[in-house]
Amino acid sequence: MTADNEMDIKEAFQRAQKGHNNKAKLVASLKSRYNKLEDKTLFHDEFVHYLKYTMIVYKREPCVENVIDFVAKFATKQEEQEEEEEEEEEEEPEDHPFLSFIFNFLLESHKANSHAVRFRACQLINKLLGSMAENAQIDDDLFDRIHQAMLVRVTDKFPNVRIQAALAMTRLQQPKDPDCPTINAFMLILENDSNAEVRRAVLSCIAMSPLTLPKVLKRTRDIKENVRKLAYQVLADRVHIKALTIAQRVGLLQQGLHDTSEVVREVVCSRLLPAWLGRLEGGAIELLHRLDVENCAQTALDTLKAIFKGTPPEELLQNRNVLYWRALCEFIKAKGDDGEEMLEQVLPDVATYADYLFGYLKAVPVLSEEQRANFNQLELVMTKEFISQQLIHLIGCLDTNEEGSRKRMLAVLQEMLALPQTPFSLVSLLTEKLLTLISDDQKRIQTVAEIISDVREPIMEVNQPVDENKRRRQQVQLAEVKVHILETKQALEDCISTQEFNRAAELKDSISELENRRNQIIQEIAESNQPVDKEMCSEKNDPETLLRCLTMCAELLKQMNIKSRIGPTISALMSSLILPSIANAHPGVRNMAVVCLGTCTLHSKDLGKTHMVLLLQIAQLDEVKIRISALRAIIDLLLLFGFELLSDTAATQTAPPSQSPDRQEEDAPSAEKGDASEGTTQSVLVMLSEFLDSEVSDLRTEAAEGLSKLMYTGRISSAKIFSRLTLLWYNPVTEDDTRLRHCLGVFFQLYACESRAHQEVVEESFLPTVRTLMNAPATSPLAEVDINNVVELLVELTRPTTLIKPSTNTEVCVHDYLAVRMCGEMLKDPTAPEVRLYAKTLSNLELSRDETVRKDLQTLMQELVVKDRVCLRALEKMLLQLVDSREQAELLSASALQPLDVNADGKHAKAICTEENCVPDGENVPESVHVVRSSRRTKAAALEKTKMDLSTLINQDVA
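In this text the structure is predicted, and so the values were computed from the model without any measurement. (Residues numbered from 1 in each chain as written. Predicted model: local features only at pLDDT ≥ 70, side-chain atom pairs only at ≥ 80, totals over all residues. Heavy atoms only, no water.)

**Regarding the overall build of the protein**
In step 1: Looking only at helices and strands, one finds 45 helices and 4 strands in the protein.
In step 2: Counting across all 959 residues of the protein, residues that qualify as buried make up 47%.
In step 3: The contacts in the protein between residues at least 6 apart in sequence include a share of 72% that link residues at least 24 apart.
In step 4: Here the protein displays about 49600 Å² of accessible surface, and carbon together with sulfur accounts for 49% of that area. (Helix = DSSP H or I, 4+ residues; strand = E, 2+ residues; numbered from the N terminus. Buried < 20%, exposed > 50% of the residue type's maximum accessible area, 1.4 Å probe, protein only. Contact = heavy atoms within 4.5 Å. Areas by Shrake-Rupley, 256 points an atom, 1.4 Å probe, with all protein chains shown as cover.)

Set out below in structure tokens:
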């Protein structure tokens with residue numbers, strides 16, 4: 001070594017042979033010496049001299065391979081350094097003397113007779129070209145010389161030489177040139193070379209182009225399985241599926257999936273298919289679009305089987321794929337016995353699937369608060385949770401009739417529910433699937449109660465510390481025993497010396513007892529020195545644990561039969577879990593506790609009566625979400641048990657409402673059977689009605705839906721509440737509340753056509769609704785409502801022809817009462833602005849054939865004194881409907897229907913004909929009366945917002 005940081009060439013070659021030496025330091029040290037030389041000829045000659053010793057070794061010894069790597073790094077290091085200097089100086093690239101010298105030497109050596117020299121020359125050229133930077137440049141003449149030399153060597157008779165020559169030409173390819181000699185040589189080798197390793201080397205380095213792709217495809221049918229395997233890997237990694245024709249895709253799948261080699265089939269399933277699916281956003285469905293499924297149905301089916309075979313690999317288990325898998329299985333499951341065979345092909349057995357599901361759920365990571373701030377990690381966890389949900393749904397497609405399989409799935413579901421790292425979003429679904437596998441309610445309750453106990457009170461091992469006082473007492477006892485043993489032994493020796501053998505025998509027995517006592521104390525001390533692992537149950541009251549337990553409890557109560565009574569286990573859950581959680585500080589815990597309480601009260605009327613006051617308080621005082629849950633529970637209780645639940649003592653039955661035309665509007669609604677206390681019922685309904693004015697849209701919608709259910713089921717019958725619901729439907733404030741609009745729209749139609757009694761409630765709400773709209777101040781949103789539209793709706797709802805079961809009372813209909821009410825309103829104040837509305841509405845009513853009603857209406861209309869021409873024409877039209885057609889001419893000629901002269905002397909001429917020329921003879925009453933129906937445009941305008949069928953929402957059973 002010439003200096004501390006320099007070494008001679010011989011030493012560098014010697015040290016480079018050892019693999020543990022740092023070649024970077026060797027290169028840097030030798031480069032330092034090389035840079036200081038002015039005349040580098042001697043260095044070149046000496047370097048080549050030592051390199052020749054390496055090139056004559058054909059066997060791939062580790063020391064020789066190390067020297068080859070060192071030479072390649074040293075030569076390219078010179079080139080890299082000079083390129084950096086050239087970039088800094090921004091000059092034209094110059095030649096690299098040492099690299100050019102090495103290339104020249106190797107190009108002269110590649111023609112040597114020794115196959116070892118030819119092999120090492122090609123290997124070193126390959127190493128040099130591979131170690132150069134991506135943007136490296138060499139002289140055109142040198143490029144051509146290397147190119148020509150390697151084209152010669154790829155035809156060498158030794159396979160290893162051909163392999164290295166082929167690898168050396170990797171960077172010499174020009175895929176865009178159709179006449180590139182390198183690519184032509186590669187294709188010739190693939191077709192004709194007899195050595196499989198040479199073909200594999202060319203496959204690994206050939207550039208993909210339309211010219212070379214058919215040659216690579218042909219290698220998938222090579223005689224050697226290693227070549228076929230590599231060909232499929234190259235196609236999976238470097239060829240897009242769109243670059244292949246349909247015939248080529250089908251051929252690859254058909255050959256690969258049925259290849260004689262298991263290794264090749266595995267590559268097709270694990271590399272080629274996932275690569276194609278990953279490049280197609282539509283997954284398996286999109287892949288089928290890329291195949292000729294009509295003419296190659298079996299190949300497409302085999303491909304799907306390979307995708308769905310057994311448990312899908314992790315890389316295939318993506319959100320789109322697993323959703324498609326679930327849909328496919330559910331579709332096949334729906335076919336019944338016809339799809340059993342195919343379902344067995346796309347789903348594993350129950351035990352295997354249970355183990356896979358358990359492993360996948362355990363692998364879902366639990367994020368900390370800091371990790372949740374990272375959107376990428378949060379998105380990954382959300383994707384895994386979605387996949388987990390779809391996998392849990394697939395449990396319903398498995399055949400769990402076999403006892404052993406069902407027990408295994410039950411055990412896995414119970415264990416997953418008990419695991420603290422199971423995501424909360426999966427708890428409800430896991431509980432649902434667990435309960436579907438258990439048919440008996442009592443066993444369901446017992447199973448869920450045990451899981452809740454394990455989650456809330458897990459068994460933990462606690463190390464009990466050593467008691468120092470006890471340990472000290474044991475040490476004192478041990479010392480005393482040892483002293484007694486010594487004293488007894490001394491006494492034994494004395495007795496033996498004095499030949500007192502009887503006494504000696506007694507002392508010997510005493511010594512044995514003392515030694516046993518000593519050993520016992522030593523054992524106790526050893527045991528006490530070891531900490532004791534004691535199992536203890538500690539109750540967990542954190543919000544996450546309580547939410548898990550309450551969610552399982554809510555799902556259990558929902559799955560139970562509504563007729564099942566509340567047993568001791570549920571009562572214990574009520575007292576230990578549900579009721580304490582209602583006072584919890586966490587809103588989510590309180591909300592779930594209210595849901596559980598509401599569902600639990602549905603199974604016991606006494607329990608509902610006990611906790612109704614609590615639910616009413618929560619519905620008014622807590623947060624919005626919790627108030628909505630309490631409100632739902634109250635509505636469900638009233639639907640199931642009626643308003644008698646509100647009072648402990650039964651009230652006397654109230655008389656049914658009067659059916660006469662002059663009955664008054666009911667201010668207080670009547671509850672079903674009238675058993676509930678009127679005051680309590682009134683208070684609850686007032687509270688529910690106040691929710692209709694809430695600024696919170698969700699609370700307002702829930703109250704409206706609940707009142708609609710109560711009215712439709714007959715629990716309450718109130719014209720006042722119906723009027724409030726009608727005004728709420730038309731109120732512009734609720735325009736964006738789609739659920740409220742659709743719910744009320746469907747309720748109006750179903751309620752009115754259900755029975756005549758319901759139509760009577762609608763009729764009673766007519767005048768209060770009109771008064772509210774007419775008297776609405778300009779600042780109220782109701783001032784914008786089209787009152788004509790509202791009136792037309794109410795008239796349509798009360799038509800006798802819309803009833804599902806027409807009333808047996810055919811003489812008097814609801815429209816008769818409505819006409820009498822409107823005539824009475826017009827008589828009160830003929831100058832009121834709503835008189836024109838009433839007059840127009842009268843002509844759209846369907847009146848009955850009852851003669852008494854017609855006479856009463858005529859009598860009322862005779863007393864009307866109106867000034868408006870529009871009203872006169874409407875009343876004239878109404879009058880024509882009431883009289884015989886033969887008398888219409890006499891009536892019109894005998895009566896002059898003129899508007900009142902407002903400038904007369906205070907005397908008002910009657911605008912309607914007198915009684916004697918209006919009342920028709922009883923014998924001439926026509927058999928049928930022509931009814932003027934409202935236009936379909938009016939109906940469409942009034943009922944436009946009721947297109948969505950929410951009858952199932954109105955009629956849904958109480959859960």
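**Concerning the packing of helix α29 (residues 587-601) against helix α30 (residues 605-621)**
In step 1: Contact geometry of α29 with α30 gives a least axis separation of 9 Å together with a crossing angle of 150°. The element α29 and its partner α30 pack so that their crossing is left-handed. On the side of α29, the interface is formed by V594, L597, C600 and T601, while α30 contributes K605, L607, G608, H611, L614, L615 and I618.
In step 2: Taken together, the residues that form the contact of α29 with α30 break down as 7 nonpolar, 3 polar and 1 charged. (Axes fitted to C-alpha atoms, helices over the stretch in contact; angles between N-to-C directions. Left-handed = near helix turned anticlockwise from the far one by under 90°. Nonpolar A, V, L, I, M, F, W, Y, C, P; charged D, E, K, R; others polar.)

**Notes on the confidence of the model for the protein**
In step 1: Mean pLDDT over the protein works out to 78, with 80% of the residues at or above the 70 mark.
In step 2: Predicted confidence for residues 86-94 stays below pLDDT 50, and this span has 6 contacts to residues more than four positions away or in other chains.
In step 3: Predicted confidence is poor over residues 888-959, with pLDDT under 50, and the contacts of this stretch with residues over four places away or in other chains come to 110 contacts. (pLDDT = per-residue confidence, 0-100.)

**Things to note about the nonpolar core**
In step 1: By size, the foremost hydrophobic cluster in this structure holds 151 residues, and its most contacted members are L391, L688 and F722.
In step 2: Ranked by the residues each element gives to this core, the list is headed by helix α31 (residues 624-641), at 11 residues.
In step 3: Each of domain 3 (543-646) and domain 4 (704-890) contributes no fewer than three residues to this core.
In step 4: Membership of the second largest hydrophobic core comes to 94 residues, among which are L124, F186, V250 and A300. (Core = buried A, V, L, I, M, F, W, Y, C linked by side-chain atoms within 4.5 Å. Domains from an automatic or database assignment.)

**Some thoughts on helix α10 (residues 196-205)**
An α-helix turns once every 3.6 residues. As a result, residues three or four positions apart point the same way.
In step 1: Of all the 10 residues making up α10, 7 are buried; the element is thus mostly covered by neighbouring parts of the structure.
In step 2: The elements touched by buried residues of α10 are α8 (159-168), α9 (181-192), α11 (213-219) and α12 (225-238).

**Brief notes about a negative patch on the surface**
In step 1: Taken together, the side chains of D337, D338, E340, E341, E344, D399 and E402 present a region of like negative charge at the surface.
In step 2: When its relative accessible area of 61% is taken as the criterion, E344 is described as exposed. (Patch = residues over 30% accessible without salt bridge, like charges linked within 9 Å, V, L, I, M, F, W, Y side chains within 5 Å. Salt bridge = Lys/Arg side-chain N within 4 Å of Asp/Glu carboxyl O. Lys, Arg positive; Asp, Glu negative; His and termini not counted. Charge placed at Lys NZ, Arg CZ, Asp CG, Glu CD.)

**Digging into the side chain of T551**
In step 1: In this fold, T551 is placed in helix α27 (residues 543-559).
In step 2: Taking the relative accessible area as the measure of exposure, T551 reaches 8% and is therefore buried.
In step 3: Look past the residues within four positions of T551 in its chain and what remains in contact with it is F424, V427, S428 and M592.

**A short note on the packing of aromatic side chains**
In step 1: Per the counting criterion, the structure on display carries 18 aromatic pairs.
In step 2: Both rings, one in F13 and one in F70, keep their centres 5.9 Å apart while their planes meet at 80°; by these two values the pair is edge-to-face. One end of the pair, F13, is in helix α1 (residues 9-16); the other, F70, is in helix α4 (residues 62-89), and 57 residues separate them in sequence. Accessibility classification places F13 together with F70 in one group, the buried group.
In step 3: Cluster of aromatic residues (ring-pair linked, three or more members): F13, F43, F47, Y50, F70 and F74. (Phe/Tyr/Trp six-rings, centres within 6.5 Å; stacked < 30°, edge-to-face > 60°.)

**A closer look at the environment of H742**
In step 1: Mapped onto the fold, H742 is located in helix α35 (residues 738-754).
In step 2: Spatially, the C-alpha atoms of H742 and W729 are 9.1 Å apart, while their sequence positions differ by 13 residues.

**Quick notes on the pattern of salt bridges**
In step 1: Summed over the entire model, instances satisfying the criterion amount to 38 salt bridges.
In step 2: With a closest N to O distance of 3.6 Å, E702 and R739 form a salt bridge. Here E702, found in helix α33 (residues 697-712), pairs with R739, found in helix α35; they are 37 residues apart in sequence, far enough to count as distant.
In step 3: The salt bridge partner of R756 is E760, with a shortest N-O separation of 3.1 Å. With R756 and E760 both in helix α36 (residues 756-764) and 4 residues apart, the pair spans about one turn of that helix. The pair formed by R756 and E760 is uniform in burial state, with each residue classed as buried.
In step 4: Sharing partners across several salt bridges, the network here consists of R632, E702, E705, K709 and R739.

**Examining the environment of V322**
In step 1: By the element assignment, V322 lies in helix α17 (residues 319-334).
In step 2: For V322, a relative accessible area of 1% gives the class buried.

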